[in-house]
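# Chains, contacts and geometry: an overview
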Amino acid sequence: MGQNEWSAYALQLVEDRLKKVVALPVGSAAAESPKEVINGIVVFSWLSLEILYSVCVYLLLCFAVWFTNDNRMQAIRKANGRFEDSVDAYMLFVYLVPLAYLPFTHWRKANRMANYMNNWIHFQNLYLQGTGGSLVIPLKFHCLVIVFFAVALSPVSILVSYFFTTSSNNTVPEVFLYSYLATFSNLTGLFWYFICVALRSTAIRLEKSLFKTLDKSSTKAAVLETYRTLWLELSHLATDAGVAFCYTYGFYLLHLFFMLTLSTYATLSDIIVGTFGNNILVATCVFISGFMIFTMCEGANEVVLKTQVEFQQKLLRYQIGTDHNDVHREVNAFLQTITAQPPIISLGGYVRIDRQLLIGLGSTLVTYLIVLLQLKFTVGTT
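Values in this document were obtained by computation on a predicted structure and should not be read as measured data.

Before going further, it helps to spend a moment on the state of the cysteines. As used in these notes, a disulfide is a covalent bond between sulfur atoms, one from each of two cysteines. Under the counting rule described, the total for this entry stands at 0 disulfides. Residue cysteine 297 stays outside any disulfide, its sulfur separated by 9.9 Å from that of cysteine 196, the closest cysteine.

Here we come to the packing of aromatic side chains. Within the structure shown, the criterion is met by 13 aromatic pairs. Residues tryptophan 231 and phenylalanine 334 carry aromatic rings whose centres are separated by 6.5 Å and whose planes lie at 65° to one another, so their mutual orientation is edge-to-face. Of this pair, tryptophan 231 sits in helix H9 (residues 220–244) while phenylalanine 334 sits in helix H12 (residues 325–340), and the two are 103 residues apart along the sequence. Since its relative accessible area comes to 0%, tryptophan 231 is described here as buried. Taking the relative accessible area as the measure of exposure, phenylalanine 334 reaches 0% and is therefore buried. Between phenylalanine 287 and phenylalanine 291, the ring centres sit 6.0 Å apart and the planes meet at 15°, which makes this aromatic pair stacked. Here phenylalanine 287 pairs with phenylalanine 291, and both are found in helix H11 (residues 280–320), just 4 residues apart, close to one helical turn. What makes phenylalanine 291 partly exposed here is its relative accessible area of 42%. These aromatic residues form a ring-pair network of at least three members: Tyr116, Phe191, Trp192, Phe245, Tyr249 and Tyr252.

Another aspect to go through is the nonpolar core. Core analysis: the largest hydrophobic core is formed by 71 residues, its most contacted members being Tyr116, Leu199, Leu210, Leu315 and Phe334. Where this core is concerned, the elements lending two or more residues are helix H5 (110–131), helix H6 (140–152), helix H8 (172–216), H9, helix H10 (246–273), H11, H12 and helix H13 (355–380). When residues in this core are grouped by element, the largest group, 15 residues, is from H8. Every residue in contact with phenylalanine 334, bar those within four places of it in the chain, is listed here: Leu210, Leu224, Tyr227, Arg228, Trp231, Phe311 and Leu315. Counting residues in each nonpolar core, the second largest holds 9 residues, with Val57, Leu61, Val65 and Phe184 among its members.

In this structure, leucine 237 sits in helix H9. In this structure leucine 237 touches Tyr116, Asn119, Trp120, Phe123 and Leu199, once residues within four positions along its chain are discounted.

Attention now moves to the packing of H5 against H9. Contact geometry of H5 with H9 gives a least axis separation of 10 Å together with a crossing angle of 165°. As summarised for this structure, H5 and H9 are arranged roughly antiparallel, according to the angle between their axes. Here the hand of the crossing between H5 and H9 comes out left-handed. Seen from H5, the contacting residues are Arg112, Met113, Tyr116, Asn119, Trp120, His122, Phe123, Leu126, Tyr127, Gly130 and Thr131; seen from H9, they are Thr226, Tyr227, Leu230, Glu233, Leu234, Leu237, Asp240, Ala241, Val243 and Ala244. Tallied by class, the residues present in the contact of H5 with H9 amount to 13 nonpolar, 5 polar and 3 charged.

Our focus in this paragraph is a nonpolar patch on the surface. A surface patch of nonpolar side chains, about 390 Å² in accessible area, is lined by Phe63, Trp66 and Phe67. Mapped onto the secondary structure, phenylalanine 63 falls in helix H2 (residues 49–78). Given the relative accessible area of 53%, phenylalanine 63 is considered exposed.

With 28 residues, H10 extends 41 Å from end C-alpha to end C-alpha; this agrees with the ideal 40 Å at 1.5 Å per step. With respect to burial, H10 is a largely interior element, 20 of its 28 residues being buried.

The tally for this structure, following the rule as stated, stands at 6 salt bridges. The partner of lysine 306 in a salt bridge is glutamate 310, with the nearest N and O atoms 3.2 Å apart. One end of the pair, lysine 306, and the other, glutamate 310, are both in helix H11, 4 residues apart, so they sit about a helical turn from each other. Between aspartate 354 and arginine 352 there is a salt bridge, and its shortest N-O distance comes to 3.7 Å. In this structure aspartate 354 comes out as buried when scored by relative accessible area, which is 15%. By relative accessible area, which is 41% here, arginine 352 ends up partly exposed. Several salt bridges converge on common partners, so that one network encompasses Glu298, Glu302 and Arg355.

Let us look at the confidence of the model for the protein. Scored by pLDDT, the protein comes out at a mean of 76, with 70% of its residues at no less than 70. Mean pLDDT across the secondary structure elements of the protein bottoms out at helix H1 (residues 3–26), with 41, and peaks at H9, with 91.

Before going further, it helps to spend a moment on the environment of alanine 198. Tracing the sequence through the fold places alanine 198 in helix H8. Owing to a relative accessible area of 4%, alanine 198 belongs among the buried residues under this scheme. For the pair formed by alanine 198 and leucine 139, sequence separation is 59 residues and the distance between their alpha carbons is 7.4 Å. In contact with alanine 198, not counting residues within four places along its chain, are Trp120, Ile137 and Leu139.

Analysis parameters
- Residues numbered from 1 in each chain as written.
- Predicted model: local features only at pLDDT ≥ 70, side-chain atom pairs only at ≥ 80, totals over all residues.
- Heavy atoms only, no water.
- Disulfide = S-S within 2.5 Å.
- Phe/Tyr/Trp six-rings, centres within 6.5 Å; stacked < 30°, edge-to-face > 60°.
- Helix = DSSP H or I, 4+ residues; strand = E, 2+ residues; numbered from the N terminus.
- Buried < 20%, exposed > 50% of the residue type's maximum accessible area, 1.4 Å probe, protein only.
- Core = buried A, V, L, I, M, F, W, Y, C linked by side-chain atoms within 4.5 Å.
- Contact = heavy atoms within 4.5 Å.
- Axes fitted to C-alpha atoms, helices over the stretch in contact; angles between N-to-C directions.
- Parallel < 35°, antiparallel > 145°, perpendicular 65-115°, else oblique.
- Left-handed = near helix turned anticlockwise from the far one by under 90°.
- Nonpolar A, V, L, I, M, F, W, Y, C, P; charged D, E, K, R; others polar.
- Patch = residues over 30% accessible without salt bridge, like charges linked within 9 Å, V, L, I, M, F, W, Y side chains within 5 Å.
- Areas by Shrake-Rupley, 256 points an atom, 1.4 Å probe, with all protein chains shown as cover.
- Salt bridge = Lys/Arg side-chain N within 4 Å of Asp/Glu carboxyl O.
- Expected span 1.5 Å × (residues − 1).
- pLDDT = per-residue confidence, 0-100.

This is how it looks when you write it as structure tokens:
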């Protein structure tokens, strides 16, 4: 496969299999970032039909959100200080927030997103030149299946909205708006999962290719030097993922945590008063929000494990089994590169995405739930 053909394939992988699987089922303005392709390179551009489409859809959604949230504010005022009713109304109010802020978080870093896609193309070209083989990441079927099931959850969100209708007097358009948002929110989280799967799969293939080539090659030191360069580029790709999407997934993670806190509190309150069976669909929101947070943290953590930890372990075992001084030097240089340039996935350097973040969010959630339950009993007895 020639360089131009490989660039086209790489561009199709990133654009068609990652971005378009989000944009097509959702039709969201947030999914269309101001990027276009010129001579096989993704570039930043505000003048495109995608932007016109995005702006029109976004304005329509803003009107729907404004109209729905106006009803939410009326419900909050009608609560007359009742804590439970206020929490339910605020939960529905917060649920619509992503439709307002996510487009700006996407567009804020659109230039970096375009550069990130170009860096993927650059890495795949380096892989082709260094190994003589094409780097194929079989994500298409995987993405389509996951997106299909994510979109199939829309009827569940409609049922959830109809459940809320009994206490919030939602109209049918509002019900479909909440359904749209559930699909949009799920696909936004899955987009991060697809990025992590691509990075993890690339690390696995790079590792297998390295040791397979070492077994056959007579110039093992040169092979290690070539793959050290490839690994360094892959480490930069992993790190740049958090930088390019820091605003999008920073606010998205905060929103998920806020929804997880409110919905968990509502579920616990129903269990305490014995009405859990009537509010079972609120527990669905607990599961989905918690699952998306877990997917983000676990996906990033798996990338680090496959790219850094497993590489180090196998290189150390390989070093023990060889007695060539030049190979020893190259393995040491490889290990020093891994130590000096580790693949750290963080949101713009503010928060590192890994299992420790998951534990921290869990402890914070428990603290907030204790405070909310104390307020429930305090307000209920006054």
